[in-house]
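# Reading the structure
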Amino acid sequence: MMFKKALISVAISGAFAMSAQAAQISEDVVKQSFYPYANGAPKAEGVAPGMVINSGNVESVKEFLDPAMYRFIKSGDYEIKVGETTSFDLNQTYVDATSKYSGDVKLGEKIGEISGSVAGRPFPQEPSMDDPRAGEKLAWNFKYGYNWGDSAAIYPFYWKYRNMDSGKVERTIKFNFHFLNFTHRTSQEPYPALTPNPSNLFRGIYVQVLEPFDVKNTQLLIQRYEDDLKRDNAYLYLGFQRRVRRLSTGQVTDAFLGSDIMIEDFEGYNGRISDMNWSFKGTKTMLLPMYNHNDMELDAETHKDDEGYQVVAFGGKGGCFPNITWQLRKVYVVESDPIDPNHPISKRQHFMDAQTFTIPRNITYDRKGDMWKSWLIGQAHPDFHLPRNKGTGVAIDDAFSMVDMQANHCTTGQFKGQVDPKLNPAKKFTVQNLRASGR
């Protein structure tokens, strides 16, 4: 009997060992995911660093642009300069976490269900057009990506509302934005999770308006749960009312403070995986707005601070486009369409950078299926930015443009992104902080 039990024990141990071994992700898969340019930069016929793409030559490089950017350049609203492709290497701790944990990650039966994801990139394997859930896996890679790392702040953050036809700046709002991951942490202690975390939150976003006076101290708090099937807690503090109110689901798709941006638009997509159907449309070589901030044309006239930091300058039609360089990148094209039939859009096209899993380009389509809004968020290399960002491995959100193509209006953003955990204590992401900061 004892011998039989021993055999059973050995068999079980062997099964677990085989299971553990089977769960390992190969080193080649991880390298391909995080270092796509190890054997050289992508090439595209007719595209070279230093060239300027404008209405005169855009037809020859149309296949390397997204449809909205092609339209802007073709009509003479914008022209772009091509920069050299550079590797945006993520923090090694995030890469190591991917090797350690991703082999155990699985999707559940429903959209928004996932198991085994502790830290790192959930699905580093190359997506396949034959996989009906490839788009959903890429969406999870974005959600649990290294966007802003474990915590960071845009401190300060300037939004300008612009008439695209006249170029008039109608309004300027100065914010502070803060981001904190409670779980899936890899670079800022403690990791992989902050404790205590009784509500089992994944991420917090906190926003505070500093100027102008009529909206000063308006605050937004979003608490996103680890369980993607649970709806976010979202709260708004209005300074003139001096009270906190909970946002309804529909309000995250309203114009935020009268801008061209929904709360759901933040960072390329700021919602639950389970709110959308996701489809993978293929892998492409495309031009994306990624660059070295310190090498760009900077705005020496406005928003210069005590550190001497200068934000990126804007130009193009109406001043709606950042004056930056674009580089050829490996891109995953993903479409998301809302599950809720009352949602104000029909779909978004997301152009995900395959190395960082940030979303530098989005196109939003209205309910009729017409092109409506163009989202651009410039990504700056952390080693050519603020000294405190060097070595963090965070692709720094550095400038944005949301163009309402139907209304000829835009909202632009100029950033001072800072990867500094001292700016993002956990207590900042609480309802109590909204009340305390609003006094």
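What you see is a predicted model, and the numbers here were worked out from it, not measured in a lab.

### Considerations on unusual backbone geometry
In this structure, Pro156 follows Tyr155 across a cis peptide bond, with omega equal to 5°. Phi at Phe357 takes a positive value of approximately 60°, unusual for a residue other than glycine. Residue position: Phe357 is located in the loop between strand 16 (345-353) and strand 17 (361-366). Phi at Asn408 takes a positive value of approximately 55°, unusual for a residue other than glycine.

### Focus: the pairing of strand 9 (residues 233-238)
The two faces of a sheet get side chains in turn, since along a regular strand they alternate between them. With 6 of its 6 residues buried, strand 9 lies for the most part within the structure. Every second residue of strand 9 is oriented toward a common face, with Asn233, Tyr235 and Tyr237 on one face and Ala234, Leu236 and Leu238 on the other, all of them buried. For strand 8 (residues 219-225) and strand 9, the ladder comprises 5 bridges, and the chain directions are antiparallel. By the bridge assignment, Ile222 is partnered in strand 9 with Ala234. Note that strand 9 and strand 10 (residues 243-246) share 4 bridges and pair antiparallel. Across the sheet, residue Leu238 finds its bridge partner in strand 10, namely Arg243.

### Brief notes about the packing of aromatic side chains
Counted under the stated rule, the structure contains 28 aromatic pairs. Taken together, a centroid distance of 5.3 Å and an interplanar angle of 40° make the contact between Trp140 and Tyr144 tilted. Tyr144 matches Trp140 in its accessibility class, with the two residues each being buried. Measuring from ring centre to ring centre gives 5.0 Å for Phe157 and Phe177, while their planes differ by 75°; the resulting arrangement is edge-to-face. Of this pair, Phe157 sits in strand 5 (residues 151-163) while Phe177 sits in strand 6 (residues 169-181), placing them 20 residues apart in sequence. With respect to class, Phe157 is no different from Phe177; both count as buried. An aromatic cluster of at least three residues, connected via ring pairs, comprises Trp148, Phe157, Trp159, Phe175, Phe177, Phe179, Phe256, Phe266, Trp375, Phe400 and Phe415. Over the face of the ring belonging to Phe34 we find Arg121, whose NZ or CZ atom lies 4.0 Å from the ring centre. Directly above the ring of Tyr365 sits Lys347, whose terminal nitrogen or CZ lies 4.9 Å from the centroid.

### As for the nonpolar core
Core analysis: the largest hydrophobic core is formed by 82 residues, its most contacted members being Leu65, Phe72, Trp159, Phe175, Phe177, Leu220 and Leu287. Once residues within four sequence positions are removed from consideration, Phe72 is found in contact with Asp77, Tyr78, Met164, Phe321, Ser374, Val403 and Met405. Residues Val105, Phe280, Met352 and Phe357 belong to the second largest nonpolar core, which totals 21 residues.

### Comments concerning the state of the cysteines
What the rule picks out here adds up to 1 disulfide. Here Cys320 connects covalently by a disulfide to Cys410, the sulfurs 2.0 Å from one another. Taking the sign of the S-S torsion, about -80° here, the bridge from Cys320 to Cys410 comes out left-handed. In this pair, Cys320 sits in the loop between strand 13 (314-315) and strand 14 (321-322) while Cys410 sits in strand 20 (residues 409-418), placing the two residues 90 residues apart along the sequence. Residue class for Cys410 comes out buried when judged on its relative accessible area of 0%.

### Let's talk about the pattern of salt bridges
On inspection of all chains with the given rule, the structure shows 24 salt bridges. Several salt bridges share partner residues, and in doing so they unite Glu264, Asp265, Arg348 and Lys373 into one network.

What counts, and at which threshold
- Residues numbered from 1 in each chain as written.
- Predicted model: local features only at pLDDT ≥ 70, side-chain atom pairs only at ≥ 80, totals over all residues.
- Heavy atoms only, no water.
- Helix = DSSP H or I, 4+ residues; strand = E, 2+ residues; numbered from the N terminus.
- Buried < 20%, exposed > 50% of the residue type's maximum accessible area, 1.4 Å probe, protein only.
- Pairing = 2+ DSSP bridges.
- Phe/Tyr/Trp six-rings, centres within 6.5 Å; stacked < 30°, edge-to-face > 60°.
- Lys NZ or Arg CZ within 6 Å of the ring centre and 35° of its normal.
- Core = buried A, V, L, I, M, F, W, Y, C linked by side-chain atoms within 4.5 Å.
- Contact = heavy atoms within 4.5 Å.
- Disulfide = S-S within 2.5 Å.
- Salt bridge = Lys/Arg side-chain N within 4 Å of Asp/Glu carboxyl O.

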